[in-house]
Amino acid sequence: MASGTMPADEMPVMREPYDIMRNGLPGAKAAVTHLGKHPVQLIQDNGPTDTLKAKHAMLANTYGIAMPAKMDIECQILSKQRRLPGLPSSRLGLEIMTGDVDRFGFESFLDRPDERPEAPRGDMHSVMENRLGLNKKPGYGPGSKR
């Protein structure tokens, strides 16, 4: 039989029929498009970005486009500020700016970096020397002749 011709006793099928034995019954799982994540997990993952976009849109509509831009610049400035080496940095200003100071989650009391026993504790001078590369230069450090 030549390709493209069809016998008179067969019905044309546009696609392959659904195989229930291999694929299971079609139901609610067939309509899910979020790759198997639970709806609550999706809300938790997308919630902060969605609320931030909504907050920026509300501020732009109320105070003008300069207000969200100013807040973004302030958040960038506050995220770069750190304490001296060896001292824990809480970034309280950034938490206040983003509203995270009011949230209390698992990261607030579990696995805090300052409570880890294996965390390297160094004094401020040695950490700054490592950061600036002073201990790697010849003629500096203990045992060097000057």
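That block above? That's the structure.
Residues numbered from 1 in each chain as written. Predicted model: local features only at pLDDT ≥ 70, side-chain atom pairs only at ≥ 80, totals over all residues. Heavy atoms only, no water.

Let's shift gears to the overall build of the protein chain. Across its full length, the protein chain carries five helices and zero strands. When the helices and strands of the protein chain are placed in sequence order, the string is α-α-α-α-α. Across the 146 residues of the protein chain, 7% fall into the buried class. Taking contacts inside the protein chain between residues at least 6 apart in sequence as the whole, the part at least 24 apart equals 18%. As displayed, the protein chain has an accessible area near 13400 Å², and 60% of this comes from carbon and sulfur atoms. (Helix = DSSP H or I, 4+ residues; strand = E, 2+ residues; numbered from the N terminus. Buried < 20%, exposed > 50% of the residue type's maximum accessible area, 1.4 Å probe, protein only. Contact = heavy atoms within 4.5 Å. Areas by Shrake-Rupley, 256 points an atom, 1.4 Å probe, with all protein chains shown as cover.)

Turning our eyes to something else, we now look at the nonpolar core. Residues Leu59, Met71, Cys75, Leu94 and Met97 constitute the largest nonpolar core, which totals five residues. Among the secondary structure elements, those contributing two or more residues to this core are α3 (66-80) and α4 (92-98). When near neighbours in sequence (up to four residues on either side) are disregarded, methionine 97 contacts Lys55, Met71, Glu74, Cys75 and Leu78. (Core = buried A, V, L, I, M, F, W, Y, C linked by side-chain atoms within 4.5 Å.)

Attention shifts here to a nonpolar patch on the surface. On the surface, Phe104, Phe106, Phe109 and Leu110 cluster together to form a nonpolar patch covering roughly 500 Å² of accessible area. Positionally, phenylalanine 104 belongs in the loop between α4 and α5 (124-132). Judged by its relative accessible area of 65%, phenylalanine 104 is exposed. (Patch = residues over 30% accessible without salt bridge, like charges linked within 9 Å, V, L, I, M, F, W, Y side chains within 5 Å. Salt bridge = Lys/Arg side-chain N within 4 Å of Asp/Glu carboxyl O.)

Okay, helix α2 (residues 39-63) next. An ideal rise of 1.5 Å per residue puts 36 Å on 25 residues; α2 measures up with 34 Å between its terminal C-alpha atoms. The largest bend in α2 amounts to roughly 45 degrees and is located at asparagine 46, with the proline proline 48 lying one to four residues further along. Residues of α2 that are buried include every one of Gly47, His56 and Leu59, and no others. Buried residues belonging to α2 abut α3. In the segment just after α2, glycine 64 is the residue with positive phi, at about 105 degrees. (Expected span 1.5 Å × (residues − 1). Bend = angle between axes of the 7 residues up to and from the residue.)

Everything listed here is a matter of coordinates, which is why it stays silent on function.
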